[in-house]
Amino acid sequence: MVLGTYKEAVSARSTDSKILDVSQDGGIVSALLCYALDEGIIEGAVVAGTPDEDWRPVPTVVTSADEVIAAAGTKYSMSPTLSALKEATRQYGLEKVGVVATPCQTQGLRKAQAYPFTRFVAEKVKLIIGIYCMENFPMASLDTFATAKLGFDSLQDATKMDIGKGKFWLTKDGEDNGLAIKETHGYEQAGCNICNDYVCEWADVSTGSVGSPDGWSTVLTRTDDGASVFNAAVEAGLIETKPMDEVKPGLPLLEKLAKGKKDKNNAERERRAKMGVKVPTIY
Ligand SMILES: Cc1cc2nc3c(=O)[nH]c(=O)nc-3n(C[C@H](O)[C@H](O)[C@H](O)COP(=O)(O)OP(=O)(O)OC[C@H]3O[C@@H](n4cnc5c(N)ncnc54)[C@H](O)[C@@H]3O)c2cc1C
Ligand code: SF4
């Protein structure tokens, strides 16, 4: 299955205007974290914050709704999120931890849970909220998009970053400035070109924008724990949903992009293997 194993696919958004004001899409990540914290399902979570407001994602341990909301929004650069798990479990002493993770981070985390060398860390992760991910960029690439390609004085002038409708968007002074995605090719981190998971197939709940209208998210519930947290948050009125087949463009676009990523990046894996470069095994 090109989207991995899942129980249910819905289009959804948070019902909290405080979350929707700052979230990237439907605010599903922040709504789920806030609900899970409130209910004691987790005691804290590792997210990607930007403490210096310079778009550089910094792994951050959050233990309150205000901290969750302060870290909302997508930063299109690599966050070494898993590095903060030790801090969450040791310094913060958390026994039940949530993590917001890209597909590659989720794969690493599932491996750490399956093998015993990270005892007392990985097994304390009780909720993995996975975000879809086509590719990611080093900070220097983002600086280049903002300054050399879009003519900003600095990347820090941007107030929102997004990818959609074939463009990389940087919002400045309330105006959306788009750069054609083909202009960004070659600037992504090289490791992303052999990644074949788009929709975070190993998370408890996966979410992203593709498939749903603007301001909404496409959600795939995958594990029993993930489905139970998501459905409880819906029942509590924190998240509203629409059946996936009632929204446009719907799952066909998500499936097309997921398959496109697998096909393109599997071809790149083969190309590198033929050159004698070692490529990681896919499980
Ligand atoms: C590099 C990257 C590429 C993406 N590509 C796609 C795509 O091709 N298609 C698609 O549909 N969606 C993509 N997404 C996901 C999308 O941008 C949103 O993150 C997702 O829809 C969640 O939105 P939300 O409103 O529910 O989350 P919010 O409530 O806004 O919360 C976002 C959460 O993501 C965390 N976060 C932000 N940046 C990062 C990061 N760099 N690494 C790890 N965690 C981070 C924040 O800490 C926060 O907890 C991508 C995300 C990233 C980080
Ligand atoms: S494309 Fe793959 S390797 Fe690159 S950041 Fe996204 S999940 Fe990780």
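Residues numbered from 1 in each chain as written. Chains lettered and ligands numbered in written order. Predicted model: local features only at pLDDT ≥ 70, side-chain atom pairs only at ≥ 80, totals over all residues. Heavy atoms only, no water.

**Q** So what's going on with the packing of aromatic side chains? Which residues, and what values?
**A** A full pass over the atoms with the stated rule returns six aromatic pairs. Each ring, one from Tyr132 and one from Tyr198, has its centre 6.0 Å from the other, and the planes form 45°; the classification is tilted. Of the two residues, Tyr132 is situated in the loop between strand E5 (125-131) and helix H6 (139-149) and Tyr198 in the loop between strand E8 (175-180) and strand E9 (205-208); the sequence distance between them amounts to 66 residues. For Tyr132, a relative accessible area of 11% translates into the label buried. The aromatic ring of Phe152 is capped on one face by Lys172, whose charged end is 5.0 Å from the ring centroid. Over the aromatic face of Trp216 sits the side chain of Lys242, whose NZ or CZ is 4.4 Å from the ring centroid. (Phe/Tyr/Trp six-rings, centres within 6.5 Å; stacked < 30°, edge-to-face > 60°. Helix = DSSP H or I, 4+ residues; strand = E, 2+ residues; numbered from the N terminus. Buried < 20%, exposed > 50% of the residue type's maximum accessible area, 1.4 Å probe, protein only. Lys NZ or Arg CZ within 6 Å of the ring centre and 35° of its normal.)

**Q** Explain the site of ligand 2 residue by residue, including any values.
**A** In the vicinity of ligand 2, the contacting residues are Pro103, Cys104, Cys133, Met134, Glu135, Asn136, Gln189, Cys192, Cys195 and Lys261. A per-class count over the shell around ligand 2 returns six nonpolar, two polar and two charged. (Near = heavy atom within 4 Å. Nonpolar A, V, L, I, M, F, W, Y, C, P; charged D, E, K, R; others polar.)

**Q** Lay out the nonpolar core in plain terms, naming residues and giving numbers.
**A** The biggest cluster of nonpolar side chains holds 28 residues, and the ones touching the most others in it are Leu32, Leu33, Phe230 and Ile239. Elements that contribute at least two residues to this core include exactly strand E1 (8-14), helix H2 (28-38), strand E2 (44-49), helix H3 (65-70), E5 and helix H7 (224-235). In terms of residues, this core owes the most to one element, H2, which gives nine residues. The residues contacting Leu33, other than those within four sequence positions of it, are Ile42, Ala45, Val47, Val68, Val100 and Ile129. (Core = buried A, V, L, I, M, F, W, Y, C linked by side-chain atoms within 4.5 Å. Contact = heavy atoms within 4.5 Å.)

**Q** Go over the sheet that holds strand E11 (residues 239-243), please, and point to the residues and values.
**A** Strand order in the open sheet made by the eight strands is E3-E2-E4-E5-E9-E10-E1-E11, with mixed pairing throughout. Here the strands that pair on one side only, and so sit at the sheet edges, are strand E3 (58-62) and E11. Strand-to-strand twist in this sheet, taken as the mean axis angle between neighbours without regard to direction, amounts to 30°. Bridge analysis of strand E4 (residues 97-101) against E5 gives five bridges, and the strand direction is parallel. Considered in E5, the bridge of Ala101 is made with Gly130. This element, H2, spans E1, E2, E4, E5, E9, strand E10 (217-221) and E11 of the sheet and lies at about 170° to E5. (Pairing = 2+ DSSP bridges. Axes fitted to C-alpha atoms, helices over the stretch in contact; angles between N-to-C directions.)

**Q** Go over the sheet that holds E8 with me, naming the residues and quoting the values.
**A** Taken together, the three strands give an open sheet; going across it, the order is E6-E7-E8, and neighbouring strands pair in antiparallel fashion. The sheet is open, and its two borders are formed by strand E6 (160-164) and E8, each paired with just one other strand. Strand-to-strand twist across the sheet, computed as the mean angle between neighbouring axes with direction ignored, equals 25°. The sheet strands contacting H6 are E6, strand E7 (167-172) and E8, and the helix crosses E7 at an angle near 70°.

**Q** Just give me the short version of H6, but keep the residues and values in it.
**A** Within H6, burial applies to Met139, Ser141, Leu142, Phe145 and Ala146. Just downstream of H6 lies Gly151, where phi reads positive at about 75°.

**Q** If you had to explain the side chain of Gln24 to someone new, which residues and values would you point to?
**A** Looking at the element boundaries, Gln24 is found in the loop between helix H1 (17-20) and H2. Relative accessible area serves as the criterion here: at 13%, Gln24 is assigned to the buried category. Within the structure, the side chain of Gln24 is placed 3.1 Å from the side chain of Asp162, a separation counted as a polar contact. When neighbours within four sequence positions are excluded, Gln24 is seen to be in contact with Gly73, Thr74, Tyr76, Lys160, Met161 and Asp162. (Polar contact = N/O pair within 3.5 Å; in protein donor to acceptor, adjacent residues only side chain to side chain.)

That is the geometry; function is a separate question.
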